[in-house]
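Chain by chain, the residues run as shown.
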Amino acid sequence: MLEIEDSVAQPQLQYHHVHDRFSLYNTMTIAELEYNFTMLNWVQYFLVMGFDVDSETEVVVMYPSYMDNITDFIRSFHDAPEAKKRDLRDYLALSVLRSFKQYFERDIFEIKNTGRQYDGEGKLSDWWNEETSKRFGETTTCMRDQYGNITVRGARVDGDFTLDENIADNGGLRAAMF
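Residues numbered from 1 in each chain as written. Predicted model: local features only at pLDDT ≥ 70, side-chain atom pairs only at ≥ 80, totals over all residues. Heavy atoms only, no water.

- The name that an unreviewed UniProt entry assigns to the chain is Endothelin-converting enzyme 1, with the source organism given as Elysia marginata.

## A word on the overall build of the chain
Phase 1: Along the chain, the regular secondary structure elements total eight helices and four strands.
Phase 2: Taken from the N to the C terminus, the helices and strands of the chain come in the order α-α-β-α-α-β-α-α-α-β-β-α.
Phase 3: The contacts in the chain between residues at least 6 apart in sequence include a share of 55% that link residues at least 24 apart.
Phase 4: Roughly 13,600 Å² of accessible area belongs to the chain as shown, and the carbon and sulfur atoms make up 54% of that amount. (Helix = DSSP H or I, 4+ residues; strand = E, 2+ residues; numbered from the N terminus. Contact = heavy atoms within 4.5 Å. Areas by Shrake-Rupley, 256 points an atom, 1.4 Å probe, with all protein chains shown as cover.)

## A word on helix H5 (residues 64–75)
Phase 1: In a regular helix each residue adds 1.5 Å, so twelve residues correspond to 16 Å; H5 covers 16 Å between its end C-alpha atoms and thus fits that length.
Phase 2: Taken together, the buried positions of H5 are Met67, Ile70, Thr71 and Phe73. For H5, the angular spread of the buried residues around the axis is 160°, confining them to a single face. (Expected span 1.5 Å × (residues − 1). Buried < 20%, exposed > 50% of the residue type's maximum accessible area, 1.4 Å probe, protein only. Arc of directions from axis to C-beta.)

## Some details on a nonpolar patch on the surface
Phase 1: Taken together, Tyr25, Val60, Met62 and Tyr63 make up a surface patch of nonpolar side chains, about 390 Å² in accessible area.
Phase 2: One can find Tyr25 in the loop between helix H2 (15–18) and strand S1 (27–29). (Patch = residues over 30% accessible without salt bridge, like charges linked within 9 Å, V, L, I, M, F, W, Y side chains within 5 Å. Salt bridge = Lys/Arg side-chain N within 4 Å of Asp/Glu carboxyl O.)

## A closer look at the side chain of Thr140
Phase 1: Summarising the element assignment, Thr140 is placed in helix H7 (residues 130–148).
Phase 2: A polar contact of 3.0 Å, which involves the side chain of Thr140, links it to the backbone oxygen of Gly137. (Polar contact = N/O pair within 3.5 Å; in protein donor to acceptor, adjacent residues only side chain to side chain.)

## So, H7
Phase 1: Taking 1.5 Å as the rise per residue, H7 with 19 residues should run 27 Å; its terminal C-alpha atoms sit 27 Å apart, in good agreement.
Phase 2: Residues of H7 that are buried include every one of Thr140, Met143 and Gly148, and no others. On an axial view of H7, the arc spanned by its buried residues comes to 120°, and they lie on one face. Seen from the open side of H7, the exposed residues pointing more than 90 degrees away from its buried face are Glu130 and Arg135.
Phase 3: Those residues of H7 hidden inside the fold are in contact with strand S4 (155–156) and helix H8 (163–177).
Phase 4: The N-cap residue of H7 is Asn129: its side-chain oxygen and the backbone nitrogen of Glu131 are 3.1 Å apart.

## Side note on the packing of aromatic side chains
Phase 1: Evaluated as defined, the whole model comprises seven aromatic pairs.
Phase 2: Relative to Phe51, the ring of Phe46 has its centre 6.2 Å away and its plane inclined at 75°; by these criteria the two rings are edge-to-face.
Phase 3: Note on Phe46: relative accessible area 16%, which makes it buried.
Phase 4: Arranged with centres 5.1 Å apart and planes meeting at 70°, the rings of Trp128 and Phe136 form a pair that is edge-to-face.
Phase 5: Under the relative-accessibility criterion, Trp128 is labelled buried at 18%.
Phase 6: The class of Phe136 is partly exposed, set by a relative accessible area of 26%.
Phase 7: The structure contains a cluster of three or more aromatic residues connected by ring pairs, namely Trp42, Tyr45, Phe46 and Phe51.
Phase 8: Over the aromatic face of Phe77 sits the side chain of Lys84, whose NZ or CZ is 5.0 Å from the ring centroid. (Phe/Tyr/Trp six-rings, centres within 6.5 Å; stacked < 30°, edge-to-face > 60°. Lys NZ or Arg CZ within 6 Å of the ring centre and 35° of its normal.)

## Thoughts on the pattern of salt bridges
Phase 1: Under the criterion given, the structure shown has five salt bridges.
Phase 2: Here Arg75 ties to Asp72 by a salt bridge, and the two come within 3.3 Å at their closest N and O atoms. Residue Arg75 and its partner Asp72 are both found in helix H5; the two are separated by three residues, about one turn of the helix.
Phase 3: For Glu138, the salt bridge is made with Lys134, and the minimal N-O distance between the two is 3.8 Å. Of this pair, Glu138 and Lys134 are both found in helix H7, four residues apart, which corresponds to roughly one turn of the helix.

So, in structure tokens, the structure goes:
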């Protein structure tokens, strides 16, 4: 999964392109979208999303180079071994589930703090010492409070609800910096 996440993160715009509004405004018809970015049946996608479109409807593609890279990335799995295809399927399913997180009951995503009780072989084993467990509790409490004090567009972030994401994001940032 980490390899897939890393590959998906690679195709990104350079900093100067993000701030050039003219380079972000790229119109094309849905037929062109289907020709250039073959990962989806784009007419069907927009119809399912509730838009009344046909192949001649024009859309704006903000990041065509990103779309090229993602198309190539998905295409690379076409002739891949079954295990690699399963990894991509599982990653995409998890990504879809996570994108709908806000619509599910909150306790589905609640951290139970039990994953740490399994060792590297998946066996139930409380392998953290008492000090490590205490420090993890302190850190998660701090993160919960820190993110719970952030306001976005007038709404306060729920530090409990976003805790798992915040832990993962902070861990990724820490790993990237070292």
